[in-house]
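# Structural features, examined
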Amino acid sequence: MNLTTRPRRLRYGETLRKMVRETRMDPSSLIYPLFVREGSGITEEIPTMPGQYRYSVDTMGEKLASLQNAGVSSVMFFGIPDHKDEVGSGAYDANGIVQRALRQARKDFPNMYLITDVCMCEYTSHGHCGVLCGHEVDNDKTLKLLAQTALSHAEAGADMVAPSDMMDGRVAAIRTILDSHGYINTPIMSYAVKYASVFYGPFRDAAGSAPAFGDRKSYQMDYHNSREGIKEALLDIQEGADIIMVKPAMSYLDMVAKIKNEVHVPVASYSVSGEYSMIKAGASLGYIDEEKIICETAASAFRAGCDIYLTYFAEEIAGYMKEGKIG
Ligand code: PBG
């Protein structure tokens, strides 16, 4: 055969394959989501997320230390309070669970980068991401509480805040309150392109945050839509978002690629609980090779264009990167 171009030429041997590799990754792009709960001495496995735990403030240090050893230096805190009420007051309580976890982590792990999820759903008795007016979440009333939450996180030592509630105008509300209290350099990573997704199921189990009635479709996006995601991203950037997140990751990598083309800020993608649990389930049944699928799904997110990857497999991925299995 007289073939001028033979794409296979560049696929012979690991050295050459690595030389021409288009996607390169390292652990500094990884963020690990960490669940902290009330109580002490608790390391409690999450039934729907085998291998993931809820930690109390006094035990979370073990996980932070092993993350740091693996080269993962960024975490995102999710709080699981004992007390929930109509207005989610635990979210913006200076002594709330996330605020206490932040102060402890700040003290014990001064080099770790501490990010917080800013949302009401873990703290409200009804499980919705804001305050209710009848059966609907009241957008504008919720903004004030989200802003207070973000401020209390910054005051407790958060390096970055990440609003995930999908209320309109929340990035502006948070930017305004942070700036007026001197936190001008605290970045906002906006969950701007967040879909109403069944992939969050195991998380809602983990955090006890399933809505008591209805669903989140009046604030999270319809998964049939794509241009709407670009609209959300552009709006949030106008309001002051420093980083734009697409969530979930798998099944939404088309959005990562599109957003990457449209914006000039870093793009994050969040491989959510359902993605984690599907891999764990498939692997535990022997249907799929766990290590290889973790590598492949992580690489696909970076190939699609994400700069930052939030994943429950952060520690494992950092290990695979060190071993040269991906990266
Ligand atoms: C809070 C929030 C959720 C997740 C991150 N922040 C749950 C939801 O929107 O219902 C999901 C994370 C995951 O599934 O891993 N609003």
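To be clear, the structure that these remarks concern was listed above.
Quick caveat, the model's predicted, so the values are computed rather than measured.

Once that is clear, we can look at the overall build of the protein. Counting its secondary structure elements, the protein contains eleven helices and twelve strands. Over its C-alpha trace the protein gives a radius of gyration of 20 Å, about what one expects of a compact globule, namely 20 Å for 327 residues. Seen through its principal axes, the protein has C-alpha atoms that stretch 70 × 45 × 40 Å. Here the protein holds 327 residues, and 55% of them are scored as buried. Total accessible area computed for the protein in this model is approximately 14600 Å², and 52% of it derives from carbon and sulfur atoms.

The next subject is the pairing of strand S12 (residues 308–311). Two faces, one strand: in a regular strand the side chains alternate between the faces of the sheet. Burial along S12 is two-sided: the residues Ile308 and Leu310 and Tyr309 and Thr311 are all buried. As judged from the two bridges shared by strand S1 (residues 30–37) and S12, these two strands associate in the parallel manner. Across the sheet, Leu30 pairs through a bridge with Tyr309, a residue of S12. Sheet topology places strand S11 (residues 267–271) next to S12; four bridges connect them, and they run parallel. Bridging from a neighbouring strand, Ser269 pairs with Tyr309 of S12.

A cluster of nonpolar side chains, namely Leu10, Met19 and Val20, defines an oily patch on the protein surface of about 290 Å² accessible area. Within the element layout of this structure, Leu10 appears in the segment before helix H1 (14–19). Judged by its relative accessible area of 48%, Leu10 falls in the partly exposed class.

Moving on, we come to unusual backbone geometry. Cis geometry is found at the peptide bond from Lys247 to Pro248, where omega equals -10°. Summarising the element assignment, Pro248 is placed in the loop between strand S10 (243–247) and helix H8 (253–262). A positive phi angle, close to 70°, is found at Met166, a residue other than glycine. Judged by its relative accessible area of 4%, Met166 falls in the buried class.

The next thing to look at is the site of the ligand. Neighbouring the ligand are 18 residues; Lys194, Arg204, Lys247, Ser273 and Tyr312 lie closest to it. Contact between the ligand and Arg204: an oxygen atom at 2.6 Å from a side-chain N or O atom of the residue. The side chain of Arg216 places a nitrogen or oxygen atom 3.0 Å from an oxygen atom of the ligand. Expressed as a share of its isolated accessible area of 400 Å², the protein-covered part of the ligand is 100%. Of all the secondary-structure elements, those providing two or more residues to the shell around the ligand are strand S9 (189–194) and helix H6 (201–207). Classifying every residue of the shell around the ligand by side-chain character gives ten nonpolar, three polar and five charged.

Turning to the environment of Tyr200, a few remarks are in order. Note on placement: Tyr200 falls in the loop between S9 and H6. With 74 residues separating them along the chain, Tyr200 and Gly274 place their C-alpha atoms 5.7 Å apart. Residues within four places of Tyr200 in sequence aside, it is in contact with Lys194, Tyr195, Gln220, Lys247, Pro248, Val272 and Ser273.

Reading the values: the criteria
- Residues numbered from 1 in each chain as written.
- Predicted model: local features only at pLDDT ≥ 70, side-chain atom pairs only at ≥ 80, totals over all residues.
- Heavy atoms only, no water.
- Helix = DSSP H or I, 4+ residues; strand = E, 2+ residues; numbered from the N terminus.
- Rg over C-alpha atoms; globule rule 2.2 N^0.38 Å.
- Buried < 20%, exposed > 50% of the residue type's maximum accessible area, 1.4 Å probe, protein only.
- Areas by Shrake-Rupley, 256 points an atom, 1.4 Å probe, with all protein chains shown as cover.
- Pairing = 2+ DSSP bridges.
- Patch = residues over 30% accessible without salt bridge, like charges linked within 9 Å, V, L, I, M, F, W, Y side chains within 5 Å.
- Salt bridge = Lys/Arg side-chain N within 4 Å of Asp/Glu carboxyl O.
- Near = heavy atom within 4 Å.
- Polar contact = N/O pair within 3.5 Å; in protein donor to acceptor, adjacent residues only side chain to side chain.
- Nonpolar A, V, L, I, M, F, W, Y, C, P; charged D, E, K, R; others polar.
- Contact = heavy atoms within 4.5 Å.

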